Amino acid sequence: MNTSVSQNQRVLSGMRPTGLLHLGHYHGVLKNWIELQHSYECFFFVADWHALTTHYENPSIIAKSSVDLVIDWLAAGVNPGSSTIFIQSRVPEHAELFTLLSMITPLGWLERVPSYKDQQDKLKDRDLSTFGFLGYPLLQSSDILMYKAGHVPVGEDQVAHVELTREVARRFNHLYGKEIDFEEKAHVAIKKMGKKNAKIYKNLLKRYQEQGDGEALSVGHALIDSQQNISLGDKERLVGYLEGGGRIILPEPQSLLTASPKMPGLDGQKMSKSYGNTIALRESPEQIEKKVKTMPTDPARIRRTDAGDPDKCPVWQLHQVYSSDDLKTEVEEGCKTAGIGCVDCKRHIIDSILLELKPIQQRAKDYLDDISTVEYHINEGCEAARDVARDTMEEVRKAMGITLR
Ligand code: TRP
Ligand code: SF4
């Protein structure tokens, strides 16, 4: 059930600051973020507390990586004029929401998150039997719910975290969404829609609640969404009343799965720091050239005159990312007939990567030469994020009845 109101146009996503970004991040995540900026109100943040859950023994790289991360985002095209860029630890409200949500989150929900066991198995060299590591998906829930984000662009490994977030939000709304005079307030809100719409709303309410008519529910959502002169709080009451629950304080987010295929690394496996097969966005052209030149090719193609099979070659996978259909045909035929050599074949890839990275590297250099501009964007973003976070916390405290004011 979609319980988000007009915040569903808001996107939130985060990245851990654990080193320089590479082409896998660019193709898999950043290009998507940059695209989303055109259609959504975006919040992108540096998840430095999240990085601590796995790097608590060596936290010194986190602060430096945080600024580097923002530089990479800016260089790649994340626009601080349209997106809010901030650092998690600079918005301490995240910790407060995390604490409050932890009170209502059953341990089993966290133990069941697949990444809990997976990561412990994968990162055997670290002791991850900590409270922080178990609780980190809930910290992620706090990040998302704080901004009432409707959409969360994530990779497949993170979908379970968004699912947990939905469960936690549902539980929160169920427990605390019952204002004392909820029904009365809902009726006031219905009146505010005007006679005609109020009548339609009541009719839909009846159809949904008495006959379980799902279409009435979606028409109702659309009707509420289209109301221009009604406050967000009232819209939430109208949705809550329609669905037969209380007010929705924390709307349930949806995951926005990135459609882009996996970026192949230098060895043909998925590009990932842990495989040591990456090209960093800020890697020098010489270094990039060297890395591509030393990539493995079809092992059966030993001499220039041997025919090759592109399907057995990681360079061919990079052509899928970078080359036009014409060039791909040319390479495929050339490889199979020994018409082209691997050196020429790789040249195309080197040129494409360098061309792609040139403007990014130029912008990164400009930002590095002018760190105060980066800091300015971070400060502005943190302020803007905090404004939203303060409002949410006020609502959350009030709903839970723990405000002293
Ligand atoms: N956990 C995410 C990761 O490891 C980063 C992250 C933290 C995040 N909070 C988030 C992503 C909120 C999306 C939304 O990649
Ligand atoms: Fe790989 Fe290209 Fe060499 Fe064929 S020609 S083996 S695709 S590098």
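Predicted model, so just to flag it, every value in this text is computed and none were measured. (Residues numbered from 1 in each chain as written. Chains lettered and ligands numbered in written order. Predicted model: local features only at pLDDT ≥ 70, side-chain atom pairs only at ≥ 80, totals over all residues. Heavy atoms only, no water.)

A. Quick look at the site of ligand 2. Inspection of the region around ligand 2 gives Thr 297, Asp 298, Arg 301, Cys 313, Val 315, Cys 335, Cys 342 and Cys 345 as its neighbouring residues. When atoms are counted within 2 Å of each cavity's grid points, the one that captures over half of ligand 2 is the largest cavity. (Near = heavy atom within 4 Å. 1 Å grid on protein atoms, 1.4 Å probe; cavity = no way out; pocket = protein on both sides within 12 Å on 5 of 7 lines; lining within 4 Å. Sits in = over half its atoms within 2 Å of the grid points.)

B. Structural context of the layout of surface pockets. Taken as a whole, the second largest pocket holds about 340 Å³ of empty space. Counting only elements with at least two residues in the lining of the second largest pocket, the list comes to helix 8 (159-176) and helix 17 (371-400). No other element matches the four residues that helix 17 contributes to the lining of the second largest pocket. For the lining of the second largest pocket, the class distribution of residues is five nonpolar, one polar and nine charged. (Points joined across faces, edges and corners; volume = space filled by probe spheres on them. Helix = DSSP H or I, 4+ residues; strand = E, 2+ residues; numbered from the N terminus. Nonpolar A, V, L, I, M, F, W, Y, C, P; charged D, E, K, R; others polar.)

C. The packing of helix 7 (residues 131-146) against helix 8, seen in detail. Between helix 7 and helix 8, whose axes approach to 9 Å, the crossing angle comes to 70 degrees. By the criterion of interaxial angle, the relationship of helix 7 to helix 8 is roughly perpendicular. Our pair here, helix 7 against helix 8, has a crossing hand that is right-handed. Along the contact surface, helix 7 presents Tyr 136, Pro 137, Leu 138, Gln 140, Ser 141, Ile 144 and Leu 145, while helix 8 presents His 161, Val 162, Leu 164, Thr 165, Val 168 and Ala 169. Here the contact of helix 7 with helix 8 is built from residues that sort into nine nonpolar, four polar and no charged. (Axes fitted to C-alpha atoms, helices over the stretch in contact; angles between N-to-C directions. Parallel < 35°, antiparallel > 145°, perpendicular 65-115°, else oblique. Left-handed = near helix turned anticlockwise from the far one by under 90°. Contact = heavy atoms within 4.5 Å.)

D. Region of interest: the nonpolar core. Membership of the largest hydrophobic core comes to 90 residues, with the highest contact counts inside it found for Leu 23, Leu 30, Trp 73, Phe 86, Leu 101, Tyr 147 and Ile 353. Among the elements that make up this core, the one with the highest residue count is helix 17 (nine residues). When residues are assigned to domains, this core turns out to be shared by domain 1 (5-177 + 371-400) and domain 3 (282-368), each giving three or more. Core analysis: the second largest hydrophobic core is formed by 20 residues, Ala 189, Tyr 201, Leu 205 and Tyr 241 among them. (Core = buried A, V, L, I, M, F, W, Y, C linked by side-chain atoms within 4.5 Å. Buried < 20%, exposed > 50% of the residue type's maximum accessible area, 1.4 Å probe, protein only. Domains from an automatic or database assignment.)

E. Expanded view of unusual backbone geometry. A positive phi angle, near 50 degrees, is found at Lys 148, a position not held by glycine. As for its position among the elements, Lys 148 is in the loop between helix 7 and strand 4 (151-154). Judged by relative accessible area, Lys 148 falls into the buried class, the value being 6%. Its identity is not glycine, yet Ala 338 carries a phi of approximately 60 degrees, on the positive side. Structurally, the position occupied by Ala 338 is in the loop between helix 15 (325-336) and helix 16 (342-368). Take Ala 338: its relative accessible area is 17%, and that puts it in the buried class.

F. Region of the structure containing the pairing of strand 1 (residues 10-15). Across the six residues that make up strand 1, a large majority, five, are buried. By the bridge criterion, six bridges tie strand 1 to strand 2 (residues 41-46) in an arrangement that is parallel. By the bridge assignment, Ser 13 is partnered in strand 2 with Phe 44. (Pairing = 2+ DSSP bridges.)

G. Structural view of the packing of aromatic side chains. Tallied over the entire structure, the rule returns nine aromatic pairs. Ring plane angle 15 degrees and centroid distance 5.3 Å describe the contact between Phe 45 and Phe 86, whose orientation is recorded as stacked. Taken as a pair, Phe 45 in strand 2 and Phe 86 in strand 3 (residues 83-87) lie far apart in primary sequence, 41 residues in all. Like Phe 45, the residue Phe 86 is buried in the burial classification. One aromatic cluster is present, built from ring pairs that chain together Phe 43, Phe 45, Phe 86 and Tyr 147. Directly above the ring of Tyr 136 sits Arg 16, whose terminal nitrogen or CZ lies 4.8 Å from the centroid. (Phe/Tyr/Trp six-rings, centres within 6.5 Å; stacked < 30°, edge-to-face > 60°. Lys NZ or Arg CZ within 6 Å of the ring centre and 35° of its normal.)

H. The arrangement of the domain arrangement of the protein in detail. We note that the domain assignment places domain 1 (5-177 + 371-400), domain 2 (182-243) and domain 3 (282-368) within the protein. For domain 1 and domain 3, the distance between their C-alpha centroids amounts to 35 Å. Of the residues lining the interface, 13 residues belong to domain 1; the matching set on domain 3 comes to 11 residues. With both chains or domains summed, domain 1 and domain 3 bury close to 1100 Å², and 62% of this area falls on carbon and sulfur atoms. Put simply, domain 1 and domain 3 have two salt bridges between them. Residue Arg 282 pairs with Asp 68 through a salt bridge whose shortest N-O separation is 3.1 Å. Here domain 1 and domain 3 share six residue pairs in polar contact (both at pLDDT 80 or more) between them. Among the secondary structure elements, those contributing two or more residues to the side of domain 1 that touches domain 3 are helix 1 (23-36), helix 3 (60-76) and helix 17. Here the side of domain 1 that touches domain 3 gets six residues from one element, more than from any other, and that element is helix 3. Per-class residue counts for the side of domain 1 that touches domain 3 are nine nonpolar, two polar and two charged. (Buried area = accessible area lost by both parts, 1.4 Å probe. Salt bridge = Lys/Arg side-chain N within 4 Å of Asp/Glu carboxyl O. Polar contact = N/O pair within 3.5 Å; in protein donor to acceptor, adjacent residues only side chain to side chain.)

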